[in-house]
Amino acid sequence: MSKIEKLLERLLSNPKDFTWDELINVLAYFGYRENKGGKTGGSRRKFIDAGKNIISLHKPHPGNILKTYAIKEIRKDDEIKSTKLNSYFSFMRGAKSANSELFKDFCNEAEMEKNS
């Protein structure tokens, strides 16, 4: 299982210790990049993909651990319902195991789209 697959599996398990850096890696895998705000952006961060879908979150501080509500927000946010990221979460809710062949097929498909 690749590193990103392990991160995705961890994210789906609603961990209490998921870090901001891990989240950025997951979002980057699905094509989201951080939109750098102005000087007064504060802790609010926006992530945008090629389709102009936006995920808006608070960066945790002073620590690096995400709050549980932020993880849940990522998984059910209305703004990303039509994106590949949300499709992945919906798919995984129905999958019996993260190690299933369907999971591997989904990850391979996402990787091919990312590289094209």
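1. Observations concerning the overall build of the chain
Phase 1 of the analysis: Summing up its helical and strand segments, the chain has five helices and three strands in all.
Phase 2 of the analysis: Mapped from its N terminus to its C terminus, the chain presents α and β elements in the order α-α-β-β-β-α-α-α.
Phase 3 of the analysis: For the chain, the residues scored as buried account for 38% of the 116 residues in total.
Phase 4 of the analysis: Intrachain contacts of the chain at a sequence separation of at least 6 include 47% that bridge at least 24 residues.
Phase 5 of the analysis: Accessible surface, the chain as shown: approximately 7,200 Å² in total, 51% of it carbon and sulfur.

2. A short note on the pattern of salt bridges
Phase 1 of the analysis: This structure, assessed with the given rule, holds three salt bridges.
Phase 2 of the analysis: Ionic pairing is found between Arg-10 and Asp-17, a salt bridge with its closest N-O pair at 3.0 Å.
Phase 3 of the analysis: The salt bridge partner of Arg-45 is Glu-34, with a shortest N-O separation of 3.1 Å. A residue pair is termed long-range when its members are at least 10 positions apart, and Arg-45 in strand 2 (residues 44-48) and Glu-34 in strand 1 (residues 33-35) qualify at eleven residues.
Phase 4 of the analysis: One network of salt bridges, in which partners are shared, links Arg-10, Asp-17 and Glu-22.

Conventions used here
- Residues numbered from 1 in each chain as written.
- Predicted model: local features only at pLDDT ≥ 70, side-chain atom pairs only at ≥ 80, totals over all residues.
- Heavy atoms only, no water.
- Helix = DSSP H or I, 4+ residues; strand = E, 2+ residues; numbered from the N terminus.
- Buried < 20%, exposed > 50% of the residue type's maximum accessible area, 1.4 Å probe, protein only.
- Contact = heavy atoms within 4.5 Å.
- Areas by Shrake-Rupley, 256 points an atom, 1.4 Å probe, with all protein chains shown as cover.
- Salt bridge = Lys/Arg side-chain N within 4 Å of Asp/Glu carboxyl O.

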